[in-house]
Amino acid sequence: MPQPRKILVIGGGAAGNAVTILLRRAGYAVDLVEAKDDWNATAGSGITLQGNALRVLREVGVWDQVQASGFGFDSVGITAPDGTVLHVQEDLRTGGDGLPATVGMQRPQLQQILIEAVRAGDASVRLGTTADILSQDADGVSVRLSDGTEGRYDLVVAADGLGSATRAVIGITDKPEPTGMAIWRISARRPAGVTRTDLAYGGPAYIAGYCPTSEDTIYAYVVEANRDRASIPAESYADEMRRLTRHYGGFWPEITEHITDPAKVNYTWFDRMLVEDSWHRGRVVLVGDAAHCCPPTLAQGAAMSLEDAWVLAQLLTGSDAWDDALFQTYYERRIARVRPVVEASVQIGRWQLDGVRDADVPGLMGRTMTMLRELP
Ligand SMILES: Cc1cc2nc3c(=O)[nH]c(=O)nc-3n(C[C@H](O)[C@H](O)[C@H](O)COP(=O)(O)OP(=O)(O)OC[C@H]3O[C@@H](n4cnc5c(N)ncnc54)[C@H](O)[C@@H]3O)c2cc1C
């Protein structure tokens, strides 16, 4: 019997985990290497998963767990800074009618669910390990791992995130660029009345929002212009976040009460990147943030990363010829969908930075979400 093809996945985030699960299920031998010793040391408090992300998670086989541990809802509220609800918009169910428009989740929960599915699929996992591409030819890639071992793979999937070292090694020079905004985030107790995302535009921050992530928790965030990170001492993070949130009404006073521990507050700049040229070199192919990233104004970064994993796995399992034509098809299918998402996500932030008051944000969101309802 011929040996199954061997694939190395570099990076165990959402994209790497999803592609590992799908490729293992198809019968390939998959090695996954993750740089962190603690695979679930994820930064950030919560994540908003739109229907199109949920559709992939259902394909991956973890929808039941996601549904059980997250908080599903179908609308978004727009409020004034004082908390007055100005408008409630029904969200489009981008994953189809069988899935909610949105599920909020605690990031570590999502990661844990995916980790368990990778383990159950019996992939070989090495934590605290990175990989160097040594050479490649038409049939495969030679790799040295940081534990000193060397291997030969039919394919390397680079899922090593925004700062992807693999992207640079294969000669793709694109790098993330700041969009000019930054976000303060924290996980907090869910006020009883918070049952959907509410967003306040205006006030001292560009956006103040929260999203329920379980029966008991929410994540709350405020977006402002980015500042030199070195000028903000880590021990002042809670004070910095409260400086913005204390001006907001509605549920914010209750949320603000919990913003006390600076270690629980995360500060991150928004970045933008889109690899415009093809996403592979020979038998090394990029997925997820390694290929693209966008500010979370549409909450689509992980969704796009999961879709990459699904589409790549479909193409690999549908053809024996793992050649330029196949990887070009992957790129063309993905870029047609990712480009408008990146552009719209950046545009929404740009309008705010430029103080454009009559921008058609709902129109742009509506058009983008309608496109995302289509299968990737
Ligand atoms: C503030 C903020 C809020 C966001 N909110 C949302 C949201 O609400 N909804 C949404 O859909 N998206 C959101 N996103 C985007 C989302 O977080 C990312 O798009 C998604 O996590 C990308 O997944 P990934 O697997 O491609 O990369 P990552 O999650 O970055 O995973 C990469 C993995 O590779 C590992 N790694 C790195 N280098 C190496 C190496 N050399 N060898 C081995 N392993 C390596 C890393 O340790 C990491 O585990 C947000 C992003 C930000 C910044």
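Per chain, the residues get numbers from 1 upward, laid out in the order the sequence is written. In keeping with the predicted nature of the model, local features appear solely for residues at pLDDT of at least 70, side-chain atom pairs appear and are counted solely at 80 or more, and the whole-chain, interface and lining totals rest on all residues. Excluding hydrogens and water, the side-chain values take into account all heavy atoms of the structure.

On to the sheet that holds strand β1 (residues 6–10). At least two bridges found by DSSP between two strands are what make those strands a pair. Numbering of helices and strands starts at the N terminus; helices are DSSP runs of H or I of at least 4 residues and strands are runs of E of at least 2. Read from one edge of the open sheet, six strands run β8-β2-β1-β12-β19-β18, paired in mixed fashion. Edge positions in the sheet fall to β8 (124–127) and β18 (280–281), since each of these pairs with one other strand and no more. Two residues form a contact once any of their heavy atoms are found within 4.5 Å. Every axis corresponds to a line fitted to the C-alpha atoms, with the helix fit spanning only the stretch in contact, and the corresponding angles, defined between N-to-C directions, vary from 0 to 180 degrees. Most of the contacts of helix α1 (residues 14–25) go to strand β2 (residues 29–34), to which it runs at about 165°, and overall it touches β1, β2 and β12 (155–158).

As a packed pair, helix α8 (residues 301–318) and helix α9 (residues 324–353) sit with axes 10 Å apart at the nearest point and diverge in direction by 160°. In this view, α8 runs roughly antiparallel relative to α9, as classed from their interaxial angle. The chirality of how α8 crosses α9 is right-handed. Judged by residue contacts, M304, E307, D308, V311, L312, Q314, L315 and L316 of α8 engage L326, F327, T329, Y330, R333, R334, R337, V338 and V341 from α9. In what follows, roughly perpendicular refers to angles from 65 to 115 degrees, roughly parallel to angles under 35, roughly antiparallel to angles over 145, and oblique to any angle outside these ranges. What makes a crossing left-handed is the near helix being turned counterclockwise from the far one by less than a right angle; a clockwise turn instead makes it right-handed.

Moving on: the nonpolar core. V66 and W279 are the most contacted members of the largest nonpolar core, which has 89 residues in total. For this core, the element with the highest residue contribution is α9, accounting for 11 residues. Apart from the residues within four sequence positions on either side, W279 is in contact with L274, V284, V285, L286, A291, H292, D308, Y330, Y331, R334, I335 and V338. Membership of the second largest hydrophobic core comes to 23 residues, among which are V194, A208, I218 and Y248. Here the nonpolar core consists of buried residues drawn from Ala, Val, Leu, Ile, Met, Phe, Trp, Tyr and Cys, with membership extended through side-chain atoms lying within 4.5 Å. Throughout this description, buried means an accessible area under 20% of the type-specific maximum (1.4 Å probe, protein chains only), exposed means over 50%, and partly exposed covers the range between.

Our focus in this paragraph is the site of the ligand. Whether a residue is near a molecule or strand is decided by its heavy atoms; if any one of them lies within 4 Å of it, the residue is near. Neighbouring the ligand are 30 residues; E34, T48, R107, D289 and A302 lie closest to it. N or O atoms closer than or at 3.5 Å make up a polar contact, with two conditions inside protein: a donor-capable atom paired with an acceptor-capable one, and, for residues adjacent in sequence, both atoms drawn from side chains. Between an oxygen atom of the ligand and a main-chain N or O atom of A302, the distance comes to 2.9 Å. For the ligand, whose unbound accessible area comes to 1000 Å², protein coverage reaches 82%. For the shell around the ligand, the secondary-structure elements that each account for two or more residues are α1, β2, β3 (46–50), β13 (177–189) and α8. Among the elements that line the shell around the ligand, the one with the most residues is α8, at four residues. Amino acid classes used here: Ala, Val, Leu, Ile, Met, Phe, Trp, Tyr, Cys and Pro are nonpolar; Asp, Glu, Lys and Arg are charged; the rest, including Gly, are polar. When grouped by side-chain class, the residues that make up the shell around the ligand number 13 nonpolar, 11 polar and six charged. Areas reported here follow the Shrake-Rupley algorithm with a probe of radius 1.4 Å; residue values treat only the protein chains shown as occluding.

What follows concerns the packing of aromatic side chains. A pair of aromatic rings is counted whenever rings of Phe, Tyr or Trp (Trp by its six-membered ring) have centres within 6.5 Å, and the orientation is called stacked for planes under 30 degrees apart, edge-to-face for over 60 and tilted otherwise. Applying the stated criterion to the full structure yields 10 aromatic pairs. Between Y28 and W322, the ring centres sit 5.3 Å apart and the planes meet at 65°, which makes this aromatic pair edge-to-face. Pair noted here: Y28 is in the loop between α1 and β2 and W322 is in the loop between α8 and α9, with a separation of 294 residues, a long-range link. Both residues of the pair, Y28 and W322, count as buried.

Both strand β5 (residues 75–79) and strand β6 (residues 85–90) contribute to a ladder of five bridges, which runs antiparallel. The partner of V76 across the bridge, within β6, is Q89.

It is worth spelling out the environment of L134 at this point. Within the secondary structure, L134 is located in strand β9 (residues 131–137). A relative accessible area of 38% places L134 in the partly exposed class. Spatially, the C-alpha atoms of L134 and D82 are 58 Å apart, while their sequence positions differ by 52 residues. What L134 contacts, discounting residues up to four positions off in sequence, is S142, V143, R144 and E150.

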